[in-house]
Amino acid sequence: MIPAPLVVIFGGALLTVSATVGTAPAVAAPPTREHIVVILQQNHSYDAYFGAYPRGDGGHRQVVEQEREDESTVAAAPFESADVGRFRTAGEEPLSNGQLAARSAVHDGAMDNFVRAQTRRGFDPALAMRYWTRDQVPGLWSLADDNVLLDRYFSSAMGGSLVNMLFLVAGDNHGYVEGTKESLRGLTTDDVSTLFDQLHAAGRSWNFYVGPLDRIDGDDVVDGTYFAPEKTTPSALYWAPILSMRRFWTDPELRRSIVDQEAFYEDAADGTLPDVSFVLPLPTDHPVQSPTIHDRRLVSLVNALGKGPDWRSTTTFVVWDDWGGFYDHVPPPQVDAAGYGVRLPALVISPYARRGFVSHQQYDHTSVLGYIEDRNGLARLSSRPTPPNPFEEAFDRTQVPRRRTYRLGTLPDPSVGTPTQNRSLIALYGIAVAGAILVLLLGSRSLRVRRWLRPGPGSG
């Protein structure tokens, strides 16, 4: 038995308690069944989130972008809390993230036209040059510290959430180049084969967890109500294309696999996760939101896995759908019509992940799709070149599987797990603290007894 320090925070007070844990078990082979979880984040480039990160190829350390039309400059600057009010526009995107804006920003690989691309479209270019630091997204950076960060993960298409997510779930854009209501209307009846159709046909289990699902009316998808010009279309239809496909609402066997995000916490805690899980969380980190809110949501999802019985067999990908209009300094691998888009942040989280490793291997959304297909014995949907075993460099499958949960500010926090999990965690820490206090009291009493029994001067 070896002593291990246990750090506990109660009521803002930090306590360090010495606990006793068993010797680390012998290395065991990874489980044959793998649970794969894909957490979908929104609209940020790699440099927006990791440009200031001390490892990886970040470009926000000395960046100043010049706007050539009037010779003014916009310097890269950390995101501030006041920016939430400054850049937020009700019902509108804060930046242009479409294909034409992306091509303009990339500028044939020069990566020097991000400011002008936004200015010409009527957006505040200062937001395009904002970036986040550890103080603003401590959960995200902690996940990178403890797992694998990918610094050559590119969007599959130049612009747009819908088009990029089609690459992720269907291997190709299938002729769709913009995320419009007409595109969504086309998807309702197009026979686009998806990963989820493949999984269903192969008898593999899957769920698409949507937060919250009750904000979407399946009947309004089926009859086309959402696609009328005067109607508000739920953003989730662009971020999760299968929600616009009629069969996923009308086929009972497919429909039962589209569930609310709260079911993810329950399934993770109960050990009933399907073979493949996609999670579209709310709150999302779609610009412009308070970074604290979406950072807590991401950590809560990862902690739900870390606390659950399926953790040892789970591989989690955290990916961002597209660049969102934000600056990045690394050119896409190709800049012609068939090329990739702006670089995105991406993480691989696993008990077998190489801790603190930064991968420089080129990936895109079809790489994640290929990983899932390979692990489930499915045919590849994408024709893009993807190695036979994508992401293998991210793992050390011979190491002792690590179990880890993450904290934000104070621990435990209701936002980083289900209430049941956190009540258990509070009880565990309460027992630990009580035990530590008891040890201290007994030690103090023992010391007083020894002093009382110690012979005094002149006795004998």
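For the structure given in this document, a descriptive report is provided here.

Definitions and cut-offs
- Residues numbered from 1 in each chain as written.
- Predicted model: local features only at pLDDT ≥ 70, side-chain atom pairs only at ≥ 80, totals over all residues.
- Heavy atoms only, no water.
- Pairing = 2+ DSSP bridges.
- Helix = DSSP H or I, 4+ residues; strand = E, 2+ residues; numbered from the N terminus.
- Buried < 20%, exposed > 50% of the residue type's maximum accessible area, 1.4 Å probe, protein only.
- Salt bridge = Lys/Arg side-chain N within 4 Å of Asp/Glu carboxyl O.
- Axes fitted to C-alpha atoms, helices over the stretch in contact; angles between N-to-C directions.
- Contact = heavy atoms within 4.5 Å.
- Phe/Tyr/Trp six-rings, centres within 6.5 Å; stacked < 30°, edge-to-face > 60°.
- Lys NZ or Arg CZ within 6 Å of the ring centre and 35° of its normal.
- Polar contact = N/O pair within 3.5 Å; in protein donor to acceptor, adjacent residues only side chain to side chain.
- Parallel < 35°, antiparallel > 145°, perpendicular 65-115°, else oblique.
- Left-handed = near helix turned anticlockwise from the far one by under 90°.
- Nonpolar A, V, L, I, M, F, W, Y, C, P; charged D, E, K, R; others polar.

Take the sheet that holds strand β9 (residues 153-154) next. Reading across the sheet, the 3 strands line up as β14-β9-β17 and stay open at both edges, with mixed pairing between neighbours. One side of each edge strand has no neighbouring strand; the edge strands of this open sheet are β14 (343-344) and β17 (363-364). Both β9 and β14 contribute to a ladder of 2 bridges, which runs antiparallel. Along β14, the bridge assignment pairs Tyr153 with Leu344.

With 9 of its 11 residues buried, helix α16 (residues 365-375) lies for the most part within the structure. Listed as buried for α16 are His365, Thr366, Ser367, Val368, Leu369, Gly370, Tyr371, Ile372 and Glu373. After α16 finishes, the residue Gly377 shows a positive phi value of roughly 65°.

For the rest of this paragraph, the subject is the pattern of salt bridges. Per the counting criterion, the structure on display carries 20 salt bridges. Glu182 is the salt-bridge partner of Arg185, the closest N and O atoms lying 3.7 Å from each other. Here Glu182 and Arg185 lie together in helix α8 (residues 181-189), a separation of 3 residues that amounts to about one turn. On the basis of relative accessible area, Glu182 is assigned to the exposed category, the value being 54%. Asp374 is paired through a salt bridge with Arg380; the nearest N and O atoms lie 2.7 Å apart. The exposure class assigned to Asp374 is partly exposed, which follows from its relative accessible area of 29%.

Of all 7 residues in strand β13 (residues 314-320), 7 are buried; the element is thus mostly enclosed. The side-chain alternation of β13 yields two buried faces, one formed by Thr314, Thr316, Val318 and Trp320 and the other by Thr315, Phe317 and Val319. Bridge analysis of strand β3 (residues 35-41) against β13 gives 7 bridges, and the strand direction is parallel. Within β13, the residue paired with Gln41 across the bridge is Trp320. One ladder, built from 4 bridges, connects β13 with strand β15 (residues 346-349); its direction is antiparallel. Counterpart to Thr316 in the pairing with β15 is Ile349.

A few words on the sheet that holds strand β12 (residues 276-280). Here 8 strands make up an open sheet; going across it, the order is β11-β10-β12-β3-β13-β15-β8-β16 and the pairing mixed. Each having just a single partner strand, β11 (258-260) and β16 (357-359) make up the two edges of the open sheet. Here the strands of the sheet are splayed against their neighbours by 20° on average, with no regard to which way each runs. Here strand β10 (residues 206-210) runs beside β11; their pairing, made up of 3 bridges, is parallel. Bridged to Val210 within β11 is Asp260. In the packing of helix α6 (residues 138-146) onto the sheet, contacts are made with β8 (148-150), β13 and β15, and the angle to β15 comes to roughly 60°.

Inspection of every chain in the model, using the stated rule, returns 22 aromatic pairs. With centroids separated by 5.7 Å and ring planes inclined at 65°, the aromatic side chains of Tyr49 and Trp320 adopt a geometry described as edge-to-face. Here Tyr49, found in helix α1 (residues 46-50), pairs with Trp320, found in strand β13; they are 271 residues apart in sequence, far enough to count as distant. Note on Trp320: relative accessible area 0%, which makes it buried. Each ring, one from Tyr371 and one from Phe391, has its centre 6.1 Å from the other, and the planes form 70°; the classification is edge-to-face. Taken together, the residues Tyr371 in helix α16 and Phe391 in the loop between α16 and α17 (419-453) connect sequence positions 20 residues apart. In terms of burial, Tyr371 and Phe391 fall into one category: buried. In textbook terms, an aromatic cluster arises when at least three aromatic residues are bridged by ring pairs, as seen for Tyr49, Phe79, Trp132, Trp320 and Phe326. One Lys or Arg, Arg354, reaches over the ring of Phe357 and ends 3.9 Å from the middle of that ring. The positively charged end of Arg397 is found above the aromatic ring belonging to Phe395, 4.0 Å away from the centroid.

Quick look at the pairing of β10 now. The buried fraction of β10 is high, at 5 of 5 residues. Side chains of β10 alternate between two faces, with Trp206, Phe208 and Val210 and Asn207 and Tyr209 buried alike. Where β10 lies against β12, 5 bridges are found, and the strand directions are parallel. Paired with Tyr209 across the bridge in β12 is Val279.

This brings us to the environment of Met245. Of note, Met245 is situated in the loop between α11 (236-239) and α12 (247-250). Residue classification places Met245 among the buried residues on the basis of a relative accessible area of 0%.

Turning our eyes to something else, we now look at the side chain of Ser359. Within the secondary structure, Ser359 sits in strand β16. Residue class for Ser359 comes out buried when judged on its relative accessible area of 0%. Looking at Ser359, its side chain comes within polar contact range of the side chain of Glu393, at 2.2 Å.

So, about the packing of helix α7 (residues 161-170) against α16. Any two packed helices are characterised by the angle at which their axes cross and by the distance between the axes. The contact between α7 and α16 brings their axes to 7 Å, and the two run at 20°. Regarding the angle of α7 to α16, the classification is roughly parallel. As α7 packs across α16, the resulting crossing turns out to be right-handed. Together, Asn164, Met165, Phe167, Leu168 and Ala170 of α7 and His365, Thr366, Val368 and Leu369 of α16 make up the contact between the two elements. Its residues assigned to classes, the contact of α7 with α16 comprises 6 nonpolar, 3 polar and no charged.

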